[in-house]
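# Secondary and tertiary structure notes
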Amino acid sequence: SSGINAEYGGVKDKDFICVQSMDGLLSFYEQDSFAFARFLPQFLIPGPLCYLASMDTLITSSSANIVEAYRYQNLAVSTESENKDNIKTGTGKRVRVDWKSNIGDTVLDICTFRDHLEGATTIFVLGEHGLFALRENGSMKYMKRLEFAPACFTPYASLVEGTINWMVVSH
């Protein structure tokens, strides 16, 4: 499982935590109390989880090698289901994906990076065979094929060159 803390819904000065469990359940906690939980559709195994503050969106990946984005507001207003079977039968308002991007690679990590010169946020996705840069709407910005097995990565700004660089660590 994985988890992240952020200011979901644009609420300031409060601690919100989202925990992704092994069965695809996203549980949200506000301060020290449980808020709500939602099952992600078509979920098989947990993947990386990231929050894009500029769009109030949670970004994760599916076992089909697809990067998916879910708006916090859509998650909050969808009907709570007791289990995955209720999602399949279509009872209530289902959790809807905001956008999808098929990268065709197993996702190892996801992070966002705000470029203060351009004013745009780039979503970086580390796959088993490549590093992908997506725009806020999920469209591909660029992709770099890797000739080694990556373990993790981090983007950073080069203030002298005005570019976004990234450091990738291998096994």
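Before reading further, recall that the structure is shown in the block above.
Residues numbered from 1 in each chain as written. Predicted model: local features only at pLDDT ≥ 70, side-chain atom pairs only at ≥ 80, totals over all residues. Heavy atoms only, no water.

## Remarks on the overall build of the protein chain
- Counting secondary structure elements, the protein chain contains 2 helices and 14 strands.
- The C-alpha atoms of the protein chain give 17 Å as radius of gyration, which agrees with the globular expectation for 171 residues (16 Å, within 12%).
- C-alpha atoms of the protein chain, sized along the principal axes, occupy 50 × 35 × 25 Å.
- In the protein chain, buried positions account for 41% of the 171 residues.
- Contacts in the protein chain between residues far apart in sequence, at least 24 positions, make up 39% of those at least 6 positions apart.
- Per element, the accessible surface of the protein chain, about 9,300 Å² overall, is 50% carbon and sulfur.
- Computed over 15 positive and 20 negative side-chain charges, the inter-centroid distance for the protein chain is 7 Å. (Helix = DSSP H or I, 4+ residues; strand = E, 2+ residues; numbered from the N terminus. Rg over C-alpha atoms; globule rule 2.2 N^0.38 Å. Buried < 20%, exposed > 50% of the residue type's maximum accessible area, 1.4 Å probe, protein only. Contact = heavy atoms within 4.5 Å. Areas by Shrake-Rupley, 256 points an atom, 1.4 Å probe, with all protein chains shown as cover. Lys, Arg positive; Asp, Glu negative; His and termini not counted. Charge placed at Lys NZ, Arg CZ, Asp CG, Glu CD.)

## Notes on unusual backbone geometry
- A positive phi angle, near 60 degrees, is found at Asp13, a position not held by glycine.
- Examined against the element boundaries, Asp13 turns out to sit in the loop between β1 (2-6) and β2 (16-20).
- Judged by relative accessible area, which is 77%, Asp13 ranks as exposed.
- Its identity as a non-glycine residue notwithstanding, Asn65 has a phi of 65 degrees, on the positive side.
- Structurally, the position occupied by Asn65 is in the loop between β6 (57-61) and β7 (66-71).

## Examining the nonpolar core
- The biggest cluster of nonpolar side chains holds 17 residues, and the ones touching the most others in it are Ile4, Tyr8, Cys18, Leu26, Phe28, Leu58 and Leu75.
- Those elements that provide at least two residues to this core are β1, β2, β3 (25-30), β5 (49-52) and α1 (72-77).
- With residues up to four places along the chain from it excluded, the contact list for Ile4 reads Phe16, Ile17, Cys18, Leu49, Cys50, Tyr51 and Leu58.
- Ile59, Trp99, Val107 and Ile123 belong to the second-largest nonpolar core, a separate cluster that totals 14 residues. (Core = buried A, V, L, I, M, F, W, Y, C linked by side-chain atoms within 4.5 Å.)

## With respect to a nonpolar patch on the surface
- Taken together, the side chains of Ile17, Val19, Tyr29 and Phe34 define a hydrophobic patch exposed on the protein surface, amounting to about 310 Å² of accessible area.
- Structurally, the position occupied by Phe34 is in strand β4 (residues 33-39). (Patch = residues over 30% accessible without salt bridge, like charges linked within 9 Å, V, L, I, M, F, W, Y side chains within 5 Å. Salt bridge = Lys/Arg side-chain N within 4 Å of Asp/Glu carboxyl O.)

## What about the pairing of strand β13 (residues 150-158)?
- Pairing geometry for β13 and strand β14 (residues 163-170), over 8 bridges, is antiparallel. By the bridge assignment, Phe153 is partnered in β14 with Val168.
- In this structure, the hairpin formed by β13 and β14 is closed by a connection of 4 residues, where Gly162 is found at a positive phi of approximately 70 degrees. (Pairing = 2+ DSSP bridges.)

## Concerning the state of the cysteines
- What the rule picks out here adds up to 0 disulfides.
- Cys50 supplies the cysteine sulfur nearest to Cys111, a cysteine that is in no disulfide, at a spacing of 6.4 Å.
- A residue is classified by how much of its surface remains accessible, and Cys111, at 16% relative accessible area, is buried.
- Left unpaired, Cys152 is separated from the closest cysteine sulfur, that of Cys111, by 11 Å. (Disulfide = S-S within 2.5 Å.)

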